[in-house]
Amino acid sequence: MNGPWDVWSDCTPDCATHALPRVPATRIARRGAAFAHSVRRALTDGERMADPVRLRAHAAALLDALGVRVEGAAALTAANGPGTLVVVNHISWLDILALLAVEPVTLLAKREVGAWPVVGGLARRAGTHFIDRTSPRRLRHTVREVAELLGSGRSVAVFPQATTWCTADRGGFRRATFQAALDAGAPVRPVTLDYTQQGLPSTVAAFCGEDTFAASLRRVLAARALTVRVTAHPLLTAADGFPDRRELAERAERAVLGGRPQAGAGTGAVVRRAPARAALRSSLPVPESPVPGSPVPASGPVPDAPVPDAPAHV
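Definitions and cut-offs
- Residues numbered from 1 in each chain as written.
- Predicted model: local features only at pLDDT ≥ 70, side-chain atom pairs only at ≥ 80, totals over all residues.
- Heavy atoms only, no water.
- Helix = DSSP H or I, 4+ residues; strand = E, 2+ residues; numbered from the N terminus.
- Buried < 20%, exposed > 50% of the residue type's maximum accessible area, 1.4 Å probe, protein only.
- Contact = heavy atoms within 4.5 Å.
- Areas by Shrake-Rupley, 256 points an atom, 1.4 Å probe, with all protein chains shown as cover.
- Pairing = 2+ DSSP bridges.
- Expected span 1.5 Å × (residues − 1).
- Arc of directions from axis to C-beta.
- Polar contact = N/O pair within 3.5 Å; in protein donor to acceptor, adjacent residues only side chain to side chain.
- Axes fitted to C-alpha atoms, helices over the stretch in contact; angles between N-to-C directions.
- Parallel < 35°, antiparallel > 145°, perpendicular 65-115°, else oblique.
- Left-handed = near helix turned anticlockwise from the far one by under 90°.
- Nonpolar A, V, L, I, M, F, W, Y, C, P; charged D, E, K, R; others polar.
- Phe/Tyr/Trp six-rings, centres within 6.5 Å; stacked < 30°, edge-to-face > 60°.

Visitor: Any chance you could break down the overall build of the protein for me, citing the residues and the numbers?
Guide: Tallying secondary structure elements over the protein gives eight helices and ten strands in all. Here the protein holds 314 residues, and 54% of them are scored as buried. In the protein, of all internal contacts separated by at least 6 residues, the share reaching a separation of at least 24 is 82%. Of the roughly 13,400 Å² of accessible surface on the protein, 55% is carried by carbon and sulfur atoms.

Visitor: Just give me the short version of the pairing of strand S7 (residues 188–197), but keep the residues and values in it.
Guide: The element S7 is largely enclosed, with a buried count of ten among its ten residues. A two-sided burial pattern is seen for S7, the buried positions comprising Val188, Pro190, Thr192, Asp194 and Thr196 on one face and Arg189, Val191, Leu193, Tyr195 and Gln197 on the other. Pairing analysis gives four bridges linking strand S3 (residues 85–88) to S7, with the strands arranged parallel. Bridge pairing in S7 links Val88 to Val191. Taken together, the seven bridges between S7 and strand S9 (residues 226–232) define a ladder with antiparallel strand orientation. When the sheet's bridge partners are listed, Asp194 is paired in S9 with Arg229. Pairing analysis gives two bridges linking S7 to strand S8 (residues 200–201), with the strands arranged antiparallel. Note on S8: the bridge partner recorded for Thr196 is Pro201.

Visitor: I'd love a proper account of helix H8 (residues 245–256), names of residues and values included.
Guide: With twelve residues, H8 extends 16 Å between its outermost C-alpha atoms, agreeing within 8% with the 16 Å of an ideal straight helix rising 1.5 Å per residue. If you check which residues of H8 are buried, you get Arg245, Leu248, Ala249, Ala252, Glu253 and Val256. Angular distribution of buried residues about the axis of H8 spans 130°; they occupy a single face of the element. On its buried side, H8 packs onto S3, helix H6 (176–184) and S7. Capping of H8 at its N-terminal end is provided by Asp244; its side-chain oxygen lies 3.1 Å from the backbone amide nitrogen of Arg246. Directly after H8, the chain includes Gly258, whose backbone phi takes a positive value near 90°.

Visitor: Report on the packing of helix H2 (residues 52–66) against helix H3 (residues 94–102), specifying residues and quantitative values.
Guide: The N-to-C vectors of H2 and H3 enclose an angle of 130°; their axes lie 7 Å apart at closest approach. Looking at the two axes, H2 sits oblique to H3. The handedness of the crossing between H2 and H3 is left-handed. In this structure, H2 uses Leu55, Arg56, Ala59, Ala60, Leu62, Leu63 and Leu66 to contact H3, whose residues at the interface are Leu94, Leu97, Ala98, Leu100, Ala101 and Val102. Residues that form the contact of H2 with H3 fall into these classes: twelve nonpolar, no polar and one charged.

Visitor: Any chance you could break down the packing of aromatic side chains for me, citing the residues and the numbers?
Guide: Summed over all chains, the structure comprises three aromatic pairs. Seen from their ring centres, Phe35 and Trp93 are 6.4 Å apart, and the 55° between their planes marks the pair as tilted. In this pair, Phe35 sits in helix H1 (residues 25–44) while Trp93 sits in the loop between S3 and H3, placing the two residues 58 residues apart along the sequence. For the residue pair Phe35 and Trp93, the accessibility class agrees, reading buried in each case.

Visitor: Residues and numbers for the environment of Arg41, please.
Guide: Along the chain, Arg41 turns up in helix H1. Look at Arg41 and you get exposed, because its relative accessible area is 54%. In sequence terms Arg41 and Ala61 are 20 residues apart; their C-alpha atoms lie 9.8 Å from each other.

Visitor: How would you sum up the environment of Val70? Please name residues and give values.
Guide: Residue placement: Val70 occurs in strand S2 (residues 69–71). Looking at Val70, the relative accessible area reads 31%, which means it is partly exposed. The residues touching Val70, leaving out its near neighbours within four places in the chain, are Leu63, Val102, Val228 and Val230.

Visitor: Before we move on, could you go through H1 and cite the residues and values that matter?
Guide: The α-helix advances 3.6 residues per turn, and as a result positions three or four apart in sequence lie on the same side. Between its terminal C-alpha atoms H1 stretches 29 Å, which fits the 28 Å expected from 20 residues at 1.5 Å a residue. All of the buried residues in H1 are Arg31, Phe35, Ser38, Val39 and Ala42. Projected onto a plane normal to the axis of H1, the buried residues spread over an arc of 100° and lie on a single side. Facing away from the buried side of H1, by more than 90 degrees, are the exposed residues Ala25, Thr26, Ala29, Arg30, Arg41 and Thr44.

Visitor: Give me the lowdown on the side chain of Ser216, citing residues and values where you can.
Guide: Residue position: Ser216 is located in helix H7 (residues 213–222). Not counting chain neighbours up to four residues away, the residues in contact with Ser216 comprise Trp93, Ala205, Ala206, Phe207 and Asp211.

Given below as structure tokens:
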């Protein structure tokens, strides 16, 4: 069940289209069988799957089975000191596999993901840190948890857009987890993921709106020459002199989303009360409420319910 407020994009399953002709049915069948085999191998690895070497190998095997190449991979985390907060745009469930195939990090995900078929089992065994986003009161605790993970030297990957978009230049960043980086004195690594087919921009991997995992998987299995490009931008550190999470989030957003204007009117983002049956397509919904250590003054305690300009995405 989602929180009382959700961020919705104007992207729908209709956005997901092939940039090239589909591969033959025989190749689709072979890919499907290989993917199922790779999933079984990963699940039977049990708790050993969380080992960074094994986790990276499993993620790479799953992508290879799907016929998806990873391009432009580079180190995501800083070598010394606290862990790195890796902030990434969100397009597809493939984003997680791409990140783990480059460099295994702790993923932050909503609690419900753990109950999803296939994806839930893989997420649990990968050592994903699950959070409860249904209560605005949990925000302070969540930020503290992330700060503690970073302070212990564990790098954490988050998707601060709070939902998926069909391309890498849309949406906006929620700011709460950036406070965790400031509290822990941790560097922030902005990362851009985008998908191409033989160099052509492609939305075939997009997992948006009321799309289903089965439908998305069928598109990916049929995609010709699908590549996910992982672009790691320069680290943002305390030495850069960011006074608060707002400025830090804005700088990271500009790097990840290509320097386009700050999210606002015209981005397609809508904040509205969610239908009870709707499911948000996001590994990390992040709220905009006051958090500990924030320089933004608060006139009182965190309210029981969020206000319209402060969606409770935890």
